[in-house]
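Observations on the model geometry
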Amino acid sequence: MMALPEELQFSFEEKLTQYQEERTMPLLTNIERRALARGAKENSQQNIFDLLEIRFGTLPESLIQTLKQIDDMTVLKQLHLQTISVNSLTEFQQLIDSNLTNRN
């Protein structure tokens, strides 16, 4: 059996390791990506609902439906953070309306 020079042996081992990692890396299909995005959106919306309910009690159905129409994760994150500082559900509804108006 022939031995490789140390430099070539190291290079071979690196490439072999990289190849093995690429082969075991799970690939997500488009369907899986969409499902993950939908789950993240629903989770974010639910977190907002939970915080608002803790602070203000039962949420009006109109607020729930309006919030469910928001798909943009950046907007949802911003609204989530704003749930901490709003003084009422009316003020929160105004924030949603303002975000929806700014997006169109």
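Residues numbered from 1 in each chain as written. Predicted model: local features only at pLDDT ≥ 70, side-chain atom pairs only at ≥ 80, totals over all residues. Heavy atoms only, no water.

1. A short note on the packing of helix 2 (residues 30–56) against helix 3 (residues 61–68)
Following both chains from N to C, one finds helix 2 and helix 3 inclined at 155°, their axes separated by 10 Å at the closest point. As judged from the angle between their axes, helix 2 and helix 3 are roughly antiparallel. Note on packing geometry: the crossing formed by helix 2 with helix 3 is right-handed. Contacts from Lys41, Gln45, Ile48, Phe49 and Leu52 in helix 2 reach Leu63, Ile64, Leu67 and Lys68 in helix 3. Of the residues belonging to the contact of helix 2 with helix 3, the class tally is 6 nonpolar, 1 polar and 2 charged. (Axes fitted to C-alpha atoms, helices over the stretch in contact; angles between N-to-C directions. Helix = DSSP H or I, 4+ residues; strand = E, 2+ residues; numbered from the N terminus. Parallel < 35°, antiparallel > 145°, perpendicular 65-115°, else oblique. Left-handed = near helix turned anticlockwise from the far one by under 90°. Contact = heavy atoms within 4.5 Å. Nonpolar A, V, L, I, M, F, W, Y, C, P; charged D, E, K, R; others polar.)

2. Brief notes about the side chain of Ser44
For Ser44, the location among the structural elements is in helix 2. A relative accessible area of 11% means that Ser44 is categorised as buried. (Buried < 20%, exposed > 50% of the residue type's maximum accessible area, 1.4 Å probe, protein only.)

3. Considering helix 4 (residues 73–82)
Looking only at helix 4, the buried set comprises Val75, Leu76, Leu79 and Gln82. Considered in projection along helix 4, the buried side chains sweep an arc of 125° and stay on one side of the axis. For helix 4, exposure combined with an orientation more than 90 degrees from the buried face picks out Thr74, Lys77 and Leu81. The N-terminus of helix 4 is capped by Asp72, whose side-chain oxygen sits 2.8 Å from the backbone nitrogen of Thr74. (Arc of directions from axis to C-beta. Polar contact = N/O pair within 3.5 Å; in protein donor to acceptor, adjacent residues only side chain to side chain.)

4. Some remarks on the pattern of salt bridges
Evaluation of the coordinates by the stated rule reveals 1 salt bridge. For Asp71, the salt bridge goes to Lys41, with nearest N and O atoms at 2.9 Å. Pair noted here: Asp71 is in the loop between helix 3 and helix 4 and Lys41 is in helix 2, with a separation of 30 residues, a long-range link. When its relative accessible area of 17% is taken as the criterion, Lys41 is described as buried. (Salt bridge = Lys/Arg side-chain N within 4 Å of Asp/Glu carboxyl O.)

5. Section: the packing of helix 2 against helix 4
Each pair of packed helices can be described by the angle between their axes along with the distance between the axes. Where helix 2 contacts helix 4, the two axes come as close as 10 Å, and the packing angle between them is 20°. In terms of axis orientation, helix 2 runs roughly parallel to helix 4. In terms of crossing hand, the pair formed by helix 2 and helix 4 is left-handed. For the pair helix 2 and helix 4, the contacting residues are Ala40, Lys41, Ser44, Gln45, Asn47, Ile48 and Leu51 in the first and Met73, Leu76, Lys77, Leu79 and His80 in the second. A class-by-class count of the residues in the contact of helix 2 with helix 4 yields 6 nonpolar, 4 polar and 2 charged.

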